[in-house]
Structures are given as C-alpha cells and as structure tokens.
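Residue-level listing of the chains:
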Amino acid sequence: MEPLLWVDEALEIIDQSLLPDRILTLRLESLAALREAIASLRLRGAPALGLAGAWGTALACREAGDPAAPGYESRVRELAEALARVRPTAVNLAWGVRQVLDTLEAAAPGDWPVLAVDCAARLHAEDRAAGQALCAAGAELLREGGRYLTHCNAGPLATSGVGTALGIFLEGRRRGLDFEVLVDETRPLLQGARLTTLELREAGVRHRLITDSMAAFAMARLGVDGVFIGADRIALNGDTANKIGSYGLALAARAHGVPFHVAAPLSSVDSACPNGAGIPIEERDGAEVRGYAGLRWAPSGTPTWNPAFDVVPAELIQDIVTEQGLLAAPFSRSIRDALSRLRVPNSHRARSTS
Ligand code: MRU
C-alpha cells in the first residue's frame, strides 16, 4: 500500500484513520487539507511525514501566489515552516521542509514551483531506496522459528511504502523465514492493532495481537528473541524518541535480556540534538486517553496526560538499523560516522523548524 503519492499536482493519501475497515484515498490539493491530514493522523509515521513536508513545500510554492510578486519567497517559507510545526516530534517533517527550502534557496523564485516538485520526488525515491537497504540489513537479525515484538506501526504505511522496523519482518518473510511477531496494540490510537496487524496479514507473517500491558509478561512467559521499533527522532548520542510505550518496552527488554533494535533511515537523526532531553514531545488531546472513536470510557472531563511519544535512552538500545547497515554503541561515534558518509549533509537539519 502506498500511503502517499503525488498525482496530477496534488498529494493522494490513504486515510489511515479509517483503517483497517475502510480503504479511502483522499486527494489533498491544499496545504490546509495536508495540515489537517497530518494533525489527525490520516497520514502518519516519521518517514511518511518527511515526504509530506517535502510535498507540502511544493504546495506552498503554489499557494504563495505569483513568484514574481514581492514577498513570494518569505510567504513560501512561512507556509512551509508552519506545516513543519504541525507535529513536533518526528524530525522528518521539518527535515522534508528544510531539504526542499534549501534546494530552492539558490534558484530564481520563478523556478521554485517546478524545483520543489523535483526535489520532493527525489526525496521520495531516496526514502524507498533507504527503506529497502535498511530492511535488507535488518532481516539478517531474524532467525527461523524466532519470536519478535513490535510497537506502533513502522511498516509501508508509515513510510514511502517499504517500512522500517516492520519492513524488516516483511523482508524476512520474503526470504522464506518463518517466525512470529507479537504486536502491541499501541494505545491510545491503536496503530499496532489497526495497521501493523493488517500489514503483517497481507504479507503472510504469523502474528498475535497483545495489549501493551502484556509485553513484559510475553517476554517472561512466551520468550521473545528481539524487539524492533521505528523512530521519530534520534539524537546524536542514540537516544531515540518513538511512540509512547517504547521506553517501557526497552526497560522490560533489558530486564529479560532481550535485544532491543531501533530501525530508522538517517533522515530520522537530528544533528542539532545532542541527546534525548532536547527532543520535543508532542502532547495530544486528552479525549484520546478517555476513549476512542467516539466511545468514551472514562468520566467526562477526567484530567489526562497524553504524550504521543517517549524517549528510549541509548544505553537500552542494542543497535540502530539504517540504510548504511547496523550502527552499534557507542552511538555518538557510529552515528557521527554514518552522517559523515551522507551525500547531502545532515546539517540541513540543524536549522530544522520544529
Ligand atoms: O503518531 P504516529 O502514528 O505518527 O507515530 C508513529 C511512530 O511512532 C512510528 O513508530 C515511527 O514514526 C516510525 S515509522 C517508520
């Protein structure tokens, strides 16, 4: 399933908020529609958000009016930077915006609309290639008959259609391996239950759904050979922000001697962020904790805390699977070395807008 595609000057996305029961394609022709889709998680997952940032900047070039009119460049920047702020934790969103804006900087404004589309298309193709390389490297960690656990959704839907942590399982299956995946349901928005199960089923990967609170006991009772998660932002020391619940999972994995793997493209590394303390954590509406999909089970108005992400400290992470292969501890060195091998320097992100 392709979560987002640029078709005839607009972005077409699968509305992930309706999955698994309805597959609806939405055509987003304006920045306002894209902002709404991102805020309501119709389009989600860090790498997919990076592409949304890039394509959104192409929309900004169109919505900013006549490139020959005074103030065109600053209008494009304002519109694109506002888009980057819609979800603050996944660095990829601001990264996608930044990559396109940096490409435009040296060009004449009249060329911006076309250049922005070209740049977004290149980033889209690069994300696919990075996903394929990452999944090939990660599949080496799987063994026949193994049992693995994942959290949230880091599959094709969360990227340009290949996946990261979940893409590794899909690649393992393609190689003929048989193994089982335990899927955390991932409260409060149930990305694991709604999306990950769907993608594993389509690929013929054996899986069982568990509630988040069952993960530690699954490690103790069933045995788990590895935990694989994606990432929304990786700091330079390896501290990793991912869907809320990832930190608890990492602690449980450490207590049970289970290897904890992070899988992400290098576009998820924030080269301006030395450690996890600097990662902004999105807090969402309390209604998501009090209930789901119009159903409320807590008393109306019950006070809540709803951070959408948490931070896994680097010392709990076994390795980070990237398009360059496995990065090992000490991450400060392996991440720095990986960034230095990038064709387009990651320092673009140093000026990220989030
Ligand atoms: O709130 P979401 O659904 O956008 O959160 C997504 C996650 O936390 C994913 O694990 C992460 O973005 C990696 S996706 C390859």
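The sections below set out a description of the structure shown in this document. Values in this document were obtained by computation on a predicted structure and should not be read as measured data.

1. Observations concerning the overall build of the protein
Okay, step 1: Secondary structure assignment for the protein yields 11 helices and 15 strands.
Okay, step 2: For 354 residues, the compact-globule estimate of 2.2 N^0.38 gives 20 Å, and the protein sits close to it at 20 Å.
Okay, step 3: Its C-alpha atoms give the protein principal-axis dimensions of roughly 65 × 50 × 40 Å.
Okay, step 4: Counting over 354 residues, the protein shows a buried share of 55%.

2. A closer look at the sheet that holds strand β1 (residues 4-7)
Okay, step 1: Across the sheet, which stays open at both edges, the 3 strands sit in the order β1-β2-β3 with antiparallel pairing between neighbours. In the strand order of this sheet, the two ends are held by β1 and β3 (25-28), each with one partner. Each strand of the sheet is rotated relative to its neighbour by a mean of 25°, with strand direction disregarded.
Okay, step 2: Here β1 runs beside strand β2 (residues 10-14); their pairing, made up of 4 bridges, is antiparallel. By the bridge assignment, Trp 6 is partnered in β2 with Leu 11.

3. What about the pattern of salt bridges?
Okay, step 1: Following the criterion strictly, the structure yields 19 salt bridges and no others.
Okay, step 2: A salt bridge links Arg 42 to Asp 15, with the nearest nitrogen and oxygen atoms 3.1 Å apart. One end of the pair, Arg 42, is in the loop between α1 (31-39) and α2 (46-63); the other, Asp 15, is in the loop between β2 and β3, and 27 residues separate them in sequence.
Okay, step 3: A relative accessible area of 3% means that Asp 15 is categorised as buried.

4. Quick look at unusual backbone geometry
Okay, step 1: The peptide bond linking Leu 19 to Pro 20 adopts the cis configuration, its omega dihedral lying at 10°.
Okay, step 2: Here Pro 20 is to be found in the loop between β2 and β3.
Okay, step 3: For the bond running from Arg 187 to Pro 188, omega is 5°, close enough to zero to count as cis.
Okay, step 4: Even without a glycine there, the phi angle at Asp 8 is positive, about 45°.
Okay, step 5: Locating Asp 8 in the fold gives a position in the loop between β1 and β2.

5. A closer look at the site of the ligand
Okay, step 1: The environment of the ligand is formed by 19 residues, the closest being Arg 44, Arg 87, Gln 191, Asn 242 and Lys 243.
Okay, step 2: Taking Gln 191, its side chain carries an N or O atom lying 2.9 Å from an oxygen atom of the ligand.
Okay, step 3: Within the side chain of Asn 242, an N or O atom sits 2.8 Å from an oxygen atom of the ligand.
Okay, step 4: Burial of the ligand by the surrounding chains reaches 99%, relative to a free accessible area of 420 Å².
Okay, step 5: At the level of elements, α2 and β9 (240-243) are the ones that each hand at least two residues to the shell around the ligand.

6. Here we look at the nonpolar core
Okay, step 1: Counting residues in each nonpolar core, the largest one holds 40 residues, and the members touching the most others are Leu 4, Leu 11, Leu 34, Ile 38, Leu 43 and Val 76.
Okay, step 2: For this core, the elements supplying multiple residues, two or more each, are β1, β2, α1, α2, α3 (72-84), α4 (91-105) and α5 (112-139).
Okay, step 3: Ranked by residues supplied to this core, first place goes to α2 with 11 residues.
Okay, step 4: Within the second largest apolar cluster, 31 residues are counted, among which are Leu 182, Val 312, Ala 314 and Leu 316.

7. A few points about the pairing of β1
Okay, step 1: What you see with β1 is a clean split: Leu 4 and Trp 6 sit on the buried side and Leu 5 and Val 7 on the side with no burial.
Okay, step 2: Linkage of β1 to β2, two consecutive antiparallel strands, is achieved through a turn of 2 residues, within which Asp 8 is found at a positive phi near 45°.

8. Quick word on the packing of α2 against α3
Okay, step 1: Interhelical geometry of α2 versus α3 gives an angle of 145° and a closest axis separation of 9 Å. Taken as a pair, α2 and α3 cross one another with a handedness that is right-handed. The residues of α3 that touch α2, namely those facing Ala 52, Gly 53, Gly 56, Thr 57, Ala 60, Cys 61 and Glu 63, are Tyr 72, Val 76, Leu 79, Ala 80 and Leu 83.
Okay, step 2: Residue composition of the contact of α2 with α3, grouped by class: 8 nonpolar, 3 polar and 1 charged.

9. Here's the deal with helix α9 (residues 246-255)
Okay, step 1: Considered for burial, the residues of α9 that qualify are Ser 246, Leu 249, Ala 250, Ala 252 and Ala 253. Down the axis of α9, the buried set is contained in an arc of 165°. They therefore lie on one face.
Okay, step 2: Just past α9, the residue Gly 257 takes up positive phi, approximately 70°.

10. Quick look at the pairing of β2
Looking along a regular strand, one sees side chains alternate from face to face of the sheet.
Okay, step 1: Judged by how many residues are buried, β2 sits mostly within the fold: 4 of 5 residues are covered.
Okay, step 2: In the sheet, β2 pairs with β3 via 4 bridges, with the strands oriented antiparallel. If you follow Ile 13 over to β3, its bridge partner there is Leu 26.

11. Some thoughts on the environment of Ala 220
Okay, step 1: Checked against the element boundaries, Ala 220 lands in helix α8 (residues 215-221).
Okay, step 2: Judged by relative accessible area, Ala 220 falls into the partly exposed class, the value being 48%.

12. Comments concerning the side chain of Thr 196
Okay, step 1: With respect to the helices and strands, Thr 196 occurs in helix α7 (residues 191-203).
Okay, step 2: Exposure remark for Thr 196: the relative accessible area of 0% places this residue in the buried category.
Okay, step 3: There is a polar contact of 3.2 Å between the side chain of Thr 196 and the side chain of Asn 153.
Okay, step 4: Excluding anything up to four places from it in sequence, Thr 196 contacts Thr 150, Cys 152, Asn 153, Leu 166, Val 183 and Gln 191.

Cut-off values and rules
- Residues numbered from 1 in each chain as written.
- Predicted model: local features only at pLDDT ≥ 70, side-chain atom pairs only at ≥ 80, totals over all residues.
- Heavy atoms only, no water.
- Helix = DSSP H or I, 4+ residues; strand = E, 2+ residues; numbered from the N terminus.
- Rg over C-alpha atoms; globule rule 2.2 N^0.38 Å.
- Buried < 20%, exposed > 50% of the residue type's maximum accessible area, 1.4 Å probe, protein only.
- Pairing = 2+ DSSP bridges.
- Axes fitted to C-alpha atoms, helices over the stretch in contact; angles between N-to-C directions.
- Salt bridge = Lys/Arg side-chain N within 4 Å of Asp/Glu carboxyl O.
- Near = heavy atom within 4 Å.
- Polar contact = N/O pair within 3.5 Å; in protein donor to acceptor, adjacent residues only side chain to side chain.
- Areas by Shrake-Rupley, 256 points an atom, 1.4 Å probe, with all protein chains shown as cover.
- Core = buried A, V, L, I, M, F, W, Y, C linked by side-chain atoms within 4.5 Å.
- Left-handed = near helix turned anticlockwise from the far one by under 90°.
- Contact = heavy atoms within 4.5 Å.
- Nonpolar A, V, L, I, M, F, W, Y, C, P; charged D, E, K, R; others polar.
- Arc of directions from axis to C-beta.

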